[in-house]
Structures are given as C-alpha cells and as structure tokens.
Amino acid sequence: MQAQEKVTPLRHEEQTGDNKQQFAKDIIANSRKDMGKVAMIISILCVLLLVVFFFGLNQNLSGLSAKVEELSSLKGDVQSLDSKMLSMEQKIATLENLPQMTKNMLLSNILQEMSQKAAYLSSQVSTEEQSAKLMQAKELLQQVQVELGSAQ
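What counts, and at which threshold
- Throughout this document, residue positions are counted from 1 along each chain, in the order its sequence is written.
- Residues qualify for local features only when their pLDDT is at least 70, as the model is predicted, and side-chain atom pairs are given and counted only at 80 or more; totals for whole chains, interfaces and linings, by contrast, use all residues.
- The basis for the side-chain values is all heavy atoms of the structure; hydrogens and waters are excluded.
- Counting from the N terminus, the helices are the DSSP runs of H or I reaching at least four residues and the strands are the DSSP runs of E reaching at least two.
- Contacts are assigned to residue pairs with any non-hydrogen atoms lying within 4.5 Å of each other.
- Method for areas: the Shrake-Rupley scheme with a 1.4 Å probe, in which residue coverage is limited to the protein chains shown.
- For patches, a residue must show more than 30% relative accessible area and have no salt bridge; joins then use 9 Å for like charges and 5 Å for nonpolar side chains, namely Val, Leu, Ile, Met, Phe, Trp and Tyr.
- Any carboxyl oxygen of Asp or Glu that lies within 4 Å of a side-chain nitrogen of Lys or Arg is treated as forming a salt bridge with it.
- Throughout this description, buried means an accessible area under 20% of the type-specific maximum (1.4 Å probe, protein chains only), exposed means over 50%, and partly exposed covers the range between.
- Each residue carries a pLDDT score, the predictor's own confidence in it, on a scale running from 0 to 100.
- For a helix, the expected span equals 1.5 Å multiplied by the residue count minus one.
- Each aromatic pair joins two rings of Phe, Tyr and Trp (for Trp, the six-membered one) with centres within 6.5 Å, and gets the label stacked for planes under 30 degrees apart, edge-to-face for over 60, and tilted for any other angle.

Section: the overall build of the protein
On a plain count of helices and strands, the protein comes out with four helices and zero strands. Listing every helix and strand of the protein by position from the N terminus yields α-α-α-α. Once local pairs closer than 6 in sequence are excluded, the contacts in the protein between residues at least 24 apart make up 60%. Counting only carbon and sulfur atoms, one obtains 63% of the accessible surface of the protein, whose full area is about 13500 Å².

Laid out in structure tokens, this is it:
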C-alpha cells in the first residue's frame, strides 16, 4: 500500500488553478518527506563512516605508540653500546702503547740501578773531584729517569 501512496496518478482531465496548486503542494510535501529520509540515511552512513575511521585511526596510533616505545628502548641500548665501545677503544689504545710502556719501565729501572751504583761509587772513591763527577752523573741519570716516567 505504501507504494500506491507514493505514486500519484496522472489525470488527463483538466485541472483548475486550485487543483494545480494543491497538486504542486502535494508533490513538494512528498518530495520533502522523501528528501528527509534520504538525508537521514546519509547522515547515519556518515556517522558509521566516522566511527570506522575513528577506530582505524585509533588502531594506527596504538601501533605507532608501541613502535615509539620500542625506539626509545633501542635508543638506550645504542647509548650503552656507545659507552662500551668507548671503553673498548681506550683499552685498545692502552694495549697499543704497552710495548713502549714496557720499554720505558725497563729503561727506568736500569737508570735507577745505575744511579744507585753511581751514588755508591761516589762514596767509595778517594778524591773529591771524582766523587763530584759521580754525583753529577747520578743527577743526570735521575733526570733521564724522570723524563722516561713522564713519557708514559
């Protein structure tokens, strides 16, 4: 029955001005009702689309925030690796200098031994001139030893 209400029969008889106006008013009223229904359906569809877009965007933001948290934890890991790398580089530099350090330590010990022997000899010689020369040699040996120690 509803379909019959929406269909307006065309009349072949002549219509008067009042009938034409009434007919136009009926058509406008029916079209307004129909347009209202269409507008209601479109607005419901828009709301549904907004809900779908909202939940889709919400899921994307959740995934994005999880990835940002992962990146922040990775940043901490990278910083710890950088500090470990620096300590390893320092240790390697120390190891590279080890032969020179060993050589300097050996020379320093030899110079210390020679300085002690010069001091002993200066106390054992008979003349003051020889004793002064040995003490001067002892001082020179100690200066060289200090220079080797500061080179390390």
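Description of the side chain of S108
When you line up the elements, S108 lands in helix α3 (residues 98-124). The contact partners of S108, leaving out residues within four places of it in the chain, are Q145 and L148.

Let's talk about a nonpolar patch on the surface
Taken together, M40, I41, I44, L45 and L48 make up a surface patch of nonpolar side chains, about 500 Å² in accessible area. Looking at the element boundaries, L48 is found in helix α2 (residues 17-96). Exposure remark for L48: the relative accessible area of 49% places this residue in the partly exposed category.

Some points on the confidence of the model for the protein
In this model, the protein carries an average pLDDT of 83, and 88% of its residues clear a pLDDT of 70 or more. Per-element confidence in the protein is highest for helix α4 (residues 128-151), whose mean pLDDT is 87, and lowest for helix α1 (residues 2-6), whose mean pLDDT is 60.

A look at the pattern of salt bridges
One pass over the structure, following the stated rule, counts two salt bridges. Here K133 ties to E129 by a salt bridge, and the two come within 3.7 Å at their closest N and O atoms. Of this pair, K133 and E129 both sit in helix α4, four residues apart, which is roughly one turn of the helix. With respect to class, K133 is no different from E129; both count as exposed.

Some words on α3
The end-to-end C-alpha distance of α3, which contains 27 residues, comes to 39 Å, matching closely the 39 Å that a straight helix rising 1.5 Å per residue would cover. All buried positions along α3 are accounted for by N104, S108, L111, S115, A118 and S122.

Focus: the packing of aromatic side chains
Taken as a whole and judged by the stated rule, the model has one aromatic pair. Residues F54 and F55 carry aromatic rings whose centres are separated by 5.4 Å and whose planes lie at 70 degrees to one another, so their mutual orientation is edge-to-face. Residue F54 is classed as exposed on the basis of its relative accessible area of 51%.

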